[in-house]
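Spelled out from the first residue to the last, the chains are:
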Amino acid sequence: MFFIDPHVHMTSRTTDDYEAMRQAGVVAVIEPAFWMGQPRTRVGTFQDYYSHLIGFERFRASQFGIKHYCTIGLNSKEANNEALAEEVMELLPLFVCKEGVVGVGEIGYDDQTAAEDKYYRLQLELAREVNLPVQIHTPHRDKKKGTLRSMEVALEHGLDPAMVIVDHNNEETVQDVLERGFWAAFTIYPHTKMGNERMTEIVKHYGPEHIFINSAADWGISDPLAVPKTAQLMLERGIPAETVHLVTYQNALAAFSQSGQMQESDWLNDRLIDQSLKFSGNSILRGGQTPKIEADPTIIR
Amino acid sequence: MPSESYQNYLLTILAARLPEAGLAWLQNQLAGLASEKAFYLAFSMAPRFVGKIPLSLTAAELEQAQQLRPGFQPASWTMEQAARTLLLLRAPHQTPADYTAILNRLASAADLCEVATLYAALPLLPYPETHVKRAAEGVRTTMTQVFDAVALNNPYPHDYLPTEAWNQMILKAVFNVRPLHRIYGLDHRHNAALAQMLVDYAHERWAAGRTLTPEVWRLVSPHLTLQYMPDIQRLLLSANTLEKQAAALALIESDLPMARELLRQHPEMKDSITDGACTWQSIGEKAYAS
């Protein structure tokens, strides 16, 4: 089975994660621009971060046979530094039209402050102007209200709900999101967002339409195999394979391919090329040696 | 002015391949490159309108490229590369310093494909002597696609890189297992310092129980001294045919009496080389075949 993880912060992950994801069937990932665990203090670090997402991280993923896409945006936490946020807003037009940028994201509310609201709205306008999907981060605190507000504001700015992915849903928000015609994404993330047993129940209850899952794996305790593991669990608990395919691959593709920057042929036609890059031109494996699975893991050659 | 002939060349091959809408977009952009902003937007959006399929140039078109700019080998170029290179040749600017500033701004916000295109375009860009730092920066990359764009099938490094940077590029190509035989002008810029660094690197690899490309001996051969003879003898005894052939070629190219003597001891090697079946080029081509 092939999987897409449409929200994962690979910049924070190791090559072991890439290898494991590839082995588990992940063929494509989307990395939303987010914060780095602590606030940045200069616009230059934003620029380098965006460059990294469209440059080195994409290359690194290709070394493991995984197609890497991203969404570009100013996250809600850092929107609260207004002086810096102004400068970041000037940067965004340089990046949002790059190849493989499949949306403006992840944007939205965190504390739901006035500054967050201002930059969320400005970025919705930008997304509409360049006709890109929007990936919304919904807040952890006061979640239900924040989720509803995110959608209301998006509609106020004239966005088509079919172009908006509302992320980090739970049992309390999913119905409102689906009713309004937005995409409902779920993050399978230990301890905080959604567990995969609960996710299985949600899919049993609501069906697969407009629903897809992601890992949001980042620098915290998280699991980059959350998508394939959840697929496995769903199959074991009697959810039909076609439904699992929709929520772990096809729906995410349908939502983000509206950018015109992501299509199935990207990975289906390019697999051989990826492998030749991986095995002959590899600079992650120092000195270009071919990857080996050692019988004795204590030996490093 | 060479830039104009390069532009005409690129526009002609694009016009022959683009559908009407793509060509209209390109011509529209070329006519409207008044501001830097217009240039950056056109550069980043180009693939949406011209695509990324290979140009698949004819033999005549490739020959024309060679005549326009010795060493210019667009055989593997794509539509996107040709269009973006054309835009680069038209970037709005007044002075060479302006032009460098534009390239720097472009590179600082470029994606993988854009930056690779920029490096592959270097031999055609105006003020070539001002792009040495940019090329050396490209050699420092860890991204294969970008390194290849600077180092392989590109005459810029041969024509403009100072010896230190050239030597670093060759060493990095060896380190990252990139095919040396695709480096333009490889045989013109060998030097004793490079030979010494390559032999040192071979010793490092051997000490670690690893191998390295037999192509390195192509660059050691012109600087073969008695000091390197034990290495050549080691290669002659190698189980790897290409390493044996490399040793034999190095000995044939040498005037040292000891080289003659070694060849006399291994007549079978000499025969396999002198029938013309084995050259540095063939060793290179076979070395990366697996």
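Rules and cut-offs
Residues numbered from 1 in each chain as written. Chains lettered and ligands numbered in written order. Predicted model: local features only at pLDDT ≥ 70, side-chain atom pairs only at ≥ 80, totals over all residues. Heavy atoms only, no water. Helix = DSSP H or I, 4+ residues; strand = E, 2+ residues; numbered from the N terminus. Contact = heavy atoms within 4.5 Å. Areas by Shrake-Rupley, 256 points an atom, 1.4 Å probe, with all protein chains shown as cover. Buried < 20%, exposed > 50% of the residue type's maximum accessible area, 1.4 Å probe, protein only. Lys, Arg positive; Asp, Glu negative; His and termini not counted. Charge placed at Lys NZ, Arg CZ, Asp CG, Glu CD. pLDDT = per-residue confidence, 0-100. Pairing = 2+ DSSP bridges. Axes fitted to C-alpha atoms, helices over the stretch in contact; angles between N-to-C directions. Phe/Tyr/Trp six-rings, centres within 6.5 Å; stacked < 30°, edge-to-face > 60°. Disulfide = S-S within 2.5 Å. Right-handed = clockwise from strand over helix to strand, strands pointing away. Parallel < 35°, antiparallel > 145°, perpendicular 65-115°, else oblique. Left-handed = near helix turned anticlockwise from the far one by under 90°. Nonpolar A, V, L, I, M, F, W, Y, C, P; charged D, E, K, R; others polar. Expected span 1.5 Å × (residues − 1). Arc of directions from axis to C-beta. Salt bridge = Lys/Arg side-chain N within 4 Å of Asp/Glu carboxyl O.

### Here we look at the overall build of chain A
Counting its secondary structure elements, chain A contains 12 helices and 8 strands. Taking the intrachain contacts of chain A between residues at least 6 apart in sequence as the baseline, contacts between residues at least 24 apart amount to 74%. As presented, chain A carries roughly 12100 Å² of accessible surface, and 53% of it is formed by carbon and sulfur atoms.

### A look at the overall build of chain B
Along the backbone of chain B there are 18 helices and 0 strands. Looking at the 290 residues of chain B, the share that counts as buried comes to 54%. The contacts in chain B between residues at least 6 apart in sequence include a share of 72% that link residues at least 24 apart. Carbon and sulfur atoms form 55% of the exposed surface of chain B, whose accessible area is close to 12800 Å². In chain B, which carries 24 positive and 27 negative side-chain charges, the distance between the mean positions of the two groups comes to 5 Å.

### A short note on unusual backbone geometry
Glycine aside, residues mostly have negative phi angles, and peptide bonds mostly take the trans form. Residues and elements named next belong to chain A. Residues glycine 105 and glutamate 106 are joined by a peptide bond in cis, for which omega reads -15°. You can see glutamate 106 is positioned in strand S4 (residues 101–108). A positive phi angle, close to 75°, is found at histidine 191, a residue other than glycine. When you line up the elements, histidine 191 lands in the loop between strand S7 (183–187) and helix H8 (196–206).

### Observations regarding the confidence of the model for chain A
All names here are of chain A. Here chain A shows a mean pLDDT of 91. Residues at 70 or above account for 89%. Here residues 272–283 is a poorly scored stretch, pLDDT under 50, and it has 29 contacts once near neighbours within four places are set aside; other chains count. Note on residues 291–295: pLDDT under 50 across the span, and 5 contacts to partners over four residues away in sequence or across chains.

### Quick look at the sheet that holds strand S3 (residues 67–72) of chain A
All names here are of chain A. In spatial order, the strands read S1-S2-S3-S4-S5-S6-S7-S8; together these 8 strands make up an open sheet with parallel pairing. Each edge of the sheet is formed by a strand with only one pairing partner; in this case those strands are strand S1 (3–5) and strand S8 (211–214). Mean inter-strand twist for the sheet, computed between neighbouring axes without regard to direction, equals 25°. Looking at chain direction, S4 and strand S5 (residues 134–137) are connected through 4 bridges and run parallel. Residue pairing across strands places glycine 105 opposite glutamine 135, the latter belonging to S5. Most of the contacts of helix H5 (residues 114–130) go to S4, to which it runs at about 160°, and overall it touches S4 and S5.

### So, the environment of leucine 53 of chain A
Residue and element names in this part refer to chain A. Structurally, the position occupied by leucine 53 is in helix H2 (residues 43–54). Here leucine 53 falls in the buried class, since its relative accessible area comes to 0%. In this structure, the C-alpha to C-alpha distance between leucine 53 and serine 265, residues 212 residues apart in sequence, is 21 Å. Ignoring anything within four residues of it in the chain, the contact list for leucine 53 reads Thr11, Glu31, Ala33, Arg58, His68, Cys70, Thr71 and Ile72.

### Comments concerning the packing of aromatic side chains
Residues and elements named next belong to chain A. Under the definition given, this model contains 20 aromatic pairs over all chains. Geometrically, the ring pair formed by tryptophan 35 and tryptophan 219 is edge-to-face, given 6.2 Å between the ring centres and 75° between the ring planes. Separated by 184 residues along the polypeptide, tryptophan 35 in the loop between strand S2 (26–32) and H2 and tryptophan 219 in the loop between S8 and helix H9 (226–236) bring together distant segments of the chain. We classify tryptophan 35 as buried; its relative accessible area is 17%.

### Some thoughts on the state of the cysteines
Residues and elements named next belong to chain A. Counted under the stated rule, the structure contains 0 disulfides over all chains. The cysteine cysteine 97 is free of any disulfide, with cysteine 70 supplying the nearest cysteine sulfur at 12 Å. Exposure remark for cysteine 97: the relative accessible area of 11% places this residue in the buried category.

### Description of the pairing of S7 of chain A
Residues and elements named next belong to chain A. Burial analysis of S7 places 5 of its 5 residues in the buried class, which makes it a mostly covered element. Here S7 shows no split at all, with Trp183, Ala185 and Thr187 on one side and Ala184 and Phe186 on the other all buried. For the crossover that starts at strand S6 (residues 164–166), traverses helix H7 (residues 174–179) and ends in the parallel S7, the hand is right-handed. Chirality of the crossover, the property in question, places the unit of S7, H8 and S8 among those that are right-handed.

### Examining the packing of helix H11 (residues 163–175) of chain B against helix H12 (residues 192–207) of chain B
Residue and element names in this part refer to chain B. Their axes nearest at 10 Å, the elements H11 and H12 cross at an angle of 25°. Put simply, H11 runs roughly parallel to H12. Handedness of the crossing formed by H11 with H12: right-handed. Of H12, the residues touching H11 (which contributes Trp166, Asn167, Ile170, Leu171, Val174 and Phe175) are Ala193, Leu194, Met197, Leu198 and Tyr201. Grouping the constituent residues of the contact of H11 with H12 by class yields 10 nonpolar, 1 polar and no charged.

### What to know about helix H6 (residues 143–156) of chain A
Think of an α-helix as 3.6 residues a turn; residues three or four steps apart then line up on the same face. Residue and element names in this part refer to chain A. Spanning 14 residues, H6 covers 20 Å between terminal C-alpha atoms, matching the ideal 20 Å at 1.5 Å per step. All of the buried residues in H6 are Lys143, Gly146, Thr147, Ser150, Met151, Val153 and Ala154. Each buried residue of H6 sits inside an arc of 165° when the element is viewed along its axis, so together they form one side. In H6, the exposed positions angled more than 90 degrees off the buried face are occupied by Lys145 and Glu156. Packed against the buried residues of H6 are H5, S5, S6 and H7. Of the residues trailing H6, glycine 158 is marked for its positive phi of about 80°.

### Observations regarding the side chain of histidine 131 of chain B
Inspection of the secondary structure assignment puts histidine 131 of chain B in the loop between helix H7 (112–121) and helix H8 (132–139). Residue contacts for histidine 131 of chain B: discarding those within four places in its chain leaves Tyr99, Leu103, Leu122, Leu125, Pro126 and Tyr156 of chain B.

### Let's talk about the pattern of salt bridges
All names here are of chain A. Under the criterion given, the structure shown has 31 salt bridges over all chains. For arginine 60, the salt bridge goes to glutamate 57, with nearest N and O atoms at 3.0 Å. Of this pair, arginine 60 and glutamate 57 both sit in helix H3 (residues 56–62), 3 residues apart, which is roughly one turn of the helix. With relative accessibility at 9%, the residue arginine 60 sits in the buried group. Its salt-bridge partner being lysine 118, residue glutamate 86 comes within 3.2 Å of it at the nearest N-O pair. One end of the pair, glutamate 86, is in helix H4 (residues 82–95); the other, lysine 118, is in helix H5, and 32 residues separate them in sequence. Using a relative accessible area of 36% as the deciding quantity, one classes glutamate 86 as partly exposed. One continuous salt-bridge network, built from bridges that share partners, spans Lys77, Asp110, Asp111 and Arg141.

### A word on the confidence of the model for chain B
The predicted model of chain B has a mean per-residue pLDDT of 94, with 99% of residues at 70 or higher. Two numbers describe this predicted complex: its pTM, 0.86, and its ipTM, 0.79.

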